[in-house]
Amino acid sequence: MADIDNKDQAEMDPADMEDVEEVEEEETGEDENSKARQLTVQMMQNPQILAALQERLDGLNGSPSGYMESLPKVVKRRVNALKNLQVKCAHIEAKFYEEVHELERKYAALYQPLFDKRSDIVKAAYEPTDEECEWKADEEEELTVSKQDEMKEKAKLEEEKKDEEKEDPKGIPEFWLTVFKNVDLLSDMLQEHDEPILKHLQDIKVKFSDPGQPMSFTLEFHFEANDFFTNTVLTKTYKMRSEPDENDPFSFDGPEIMCCTGCTIDWTKGKNVTLKTIKKKQKHKGRGTVRTVTKTVPNDSFFNFFTPPEVPENGDLDEDSEAVLAADFEIGHFIRERIVPRAVLYFTGEAIEDDDDDYDEEGEEADDEEGEEEADEENDPDYDPKV
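Keep in mind it's a predicted model, so treat the numbers as computed, not measured.

Asks: So what exactly am I meant to see when it comes to the sheet that holds strand 3 (residues 233–241) here?
Replies: The pairing of strands in a sheet comes from backbone hydrogen bonds and takes either a parallel or an antiparallel form. The strand order across the open sheet formed by 4 strands is 1-2-3-4, and the pairing between neighbours is antiparallel. Of all the strands in the sheet, just strand 1 (201–208) and strand 4 (256–261) have a single pairing partner and so form its edges. Neighbouring strand axes in the sheet, compared pairwise and without regard to direction, differ in orientation by 20 degrees on average. Note that strand 1 and strand 2 (residues 216–223) share 7 bridges and pair antiparallel. The partner of leucine 201 across the bridge, within strand 2, is phenylalanine 223. Across the sheet, helix 8 (residues 175–182) touches strand 1 and strand 2, and the angle it forms with strand 1 is around 70 degrees.

Shown next, in the form of structure tokens:
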């Protein structure tokens, strides 16, 4: 701003003088704000400052507010009494889950005859009666009587035509393979070379530990005779614990899987899909001759599920092993809790649709949020749709 000489100042009206002073103050404030912004940009570009700031923020996460420290000693003493009560609650909760496990074992015995019959139908050991095959469709799917008769007649003709062309399929072909392919959690594990083997999978059973034994469950995969391995049953056992950690009792949130053990698969020679053979060319440093070396290396396969990483006694695992075990525990729990009890619904896709409905609701909420953001942008006077 240009300097104002004394003569001009003398001729100025007092009100004009105030305006000049206000303008000077505004420009000074703008300069200060500009300097502050420049300083902030310089600081944020300094990696040492950023690292120190991040360390400070990390230290704030989950840190106590300081309220407990400000309490009188007599009140802290009573809070300690409440925490001791909470520990006792955790131990009672652990007993509750132990009894739930006993109930699961009890009802598993009631479910098993139904699951056995399901298995017999799938593998063609039992042909269900007409009465057992009757299924009442949902009201939305019900058709008029005439339309139903027309469709039945058409289906009958098509079946007769198929009978002439080829033999009826036995049981429900590829039942479990279809279930696996319909579930993202399991289909992600499947490789193309696994599918011919899983076509021979006839049943999956869950066996609970005996009364009085440590809490555990075993998944049994029953296969018909095949050209890939000689085992008729492949097993995976998960050992669980339902007791609070003495060092951190408040972290208890129900039974946790501690470790799991697989089984040895007796592969037929040349059929092991968990290994693959690769060839590498090596050049001799001195003579310059080239030779081809054959190596056997691990191969991606669903059947790696039966050889999980071993958990050392001290419990220390590297990050990769921890990630593999965490995924393994999730898969084992899902097979036990969802797949085995509701296999037919995953085969038909109905269970998948139920899961999708949950995600649709979340998607609708997200769409609403996007709509709100768009509305805000339209109401913003500085919003430029071209940018």
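Next comes the rest of the write-up.
Asks: How should I be thinking about a nonpolar patch on the surface in this particular structure?
Replies: Judged by side-chain polarity, Leu103, Tyr107, Leu110, Tyr111 and Leu114 come together as a nonpolar surface patch covering roughly 550 Å² of accessible area. Along the polypeptide, leucine 110 turns up in helix 5 (residues 73–122).

Asks: Sorry, what's going on with the nonpolar core here?
Replies: Nonpolar side chains in soluble globular proteins generally cluster together in the buried interior. Phe180, Phe221, Phe302, Phe303, Phe305 and Ile335 are the most contacted members of the largest nonpolar core, which totals 49 residues. With 6 residues, the single largest contributor to this core is helix 11 (residues 319–339).

Asks: Before we go on, may I ask you to explain helix 5 in this structure?
Replies: It helps to recall that an α-helix has 3.6 residues per turn; residues three or four apart then point in one direction. Over its 50 residues, helix 5 runs 68 Å from end to end, which matches the ideal 74 Å to within 8%, given 1.5 Å per residue. The set of residues buried in helix 5 consists of Ala90, Ala94, His101, Arg105, Ala108, Gln112, Phe115, Arg118, Ser119 and Val122. Considering only its buried residues, helix 5 is in contact with helix 8, strand 1, strand 2, strand 3 and helix 12 (343–348). With its phi angle positive at about 65 degrees, alanine 124 sits one or two positions after the end of helix 5.

Asks: Can you help me understand the pairing of strand 3 in this one?
Replies: The two faces of the sheet receive side chains in turn, since in a regular strand these alternate between them. Where strand 2 lies against strand 3, 7 bridges are found, and the strand directions are antiparallel. When the bridges of strand 3 are listed, phenylalanine 217 appears paired with tyrosine 238. As paired elements, strand 3 and strand 4 share 5 bridges and run antiparallel to each other. Each bridged residue has a counterpart across the sheet, and for methionine 240 the counterpart in strand 4 is isoleucine 257.

Asks: Explanation requested: the side chain of threonine 237 in the structure shown.
Replies: As for its placement among the helices and strands, threonine 237 is situated in strand 3. A polar contact of 3.0 Å, which involves the side chain of threonine 237, links it to the side chain of threonine 218. With sequence-adjacent residues up to four places away left out, threonine 237 is seen in contact with Phe217, Thr218, Cys259, Cys260 and Thr261.

Asks: Would you mind going over the pattern of salt bridges with me for this structure?
Replies: Side-chain pairing between opposite charges can occur once the charged atoms of the two side chains come close. Taken as a whole and assessed by the stated rule, the structure comprises 10 salt bridges. The partner of lysine 181 in a salt bridge is glutamate 195, and the shortest N-O contact between them spans 3.5 Å. Residue lysine 181 is located in helix 8, and its partner glutamate 195 is located in helix 10 (residues 195–198); the two are separated by 14 residues in the primary sequence. Owing to a relative accessible area of 44%, lysine 181 belongs among the partly exposed residues under this scheme. The class of glutamate 195 is partly exposed, set by a relative accessible area of 25%. Across the salt bridge formed by lysine 207 and glutamate 220, the nearest N and O atoms sit 3.7 Å from each other. With lysine 207 in strand 1 and glutamate 220 in strand 2, the pair connects residues that are 13 residues apart, well separated along the chain. Among the residues examined, lysine 207 registers a relative accessible area of 37% and is labelled partly exposed. Exposure remark for glutamate 220: the relative accessible area of 15% places this residue in the buried category.

Definitions and limits used
Residues numbered from 1 in each chain as written. Predicted model: local features only at pLDDT ≥ 70, side-chain atom pairs only at ≥ 80, totals over all residues. Heavy atoms only, no water. Pairing = 2+ DSSP bridges. Helix = DSSP H or I, 4+ residues; strand = E, 2+ residues; numbered from the N terminus. Axes fitted to C-alpha atoms, helices over the stretch in contact; angles between N-to-C directions. Contact = heavy atoms within 4.5 Å. Patch = residues over 30% accessible without salt bridge, like charges linked within 9 Å, V, L, I, M, F, W, Y side chains within 5 Å. Areas by Shrake-Rupley, 256 points an atom, 1.4 Å probe, with all protein chains shown as cover. Salt bridge = Lys/Arg side-chain N within 4 Å of Asp/Glu carboxyl O. Core = buried A, V, L, I, M, F, W, Y, C linked by side-chain atoms within 4.5 Å. Buried < 20%, exposed > 50% of the residue type's maximum accessible area, 1.4 Å probe, protein only. Expected span 1.5 Å × (residues − 1). Polar contact = N/O pair within 3.5 Å; in protein donor to acceptor, adjacent residues only side chain to side chain.

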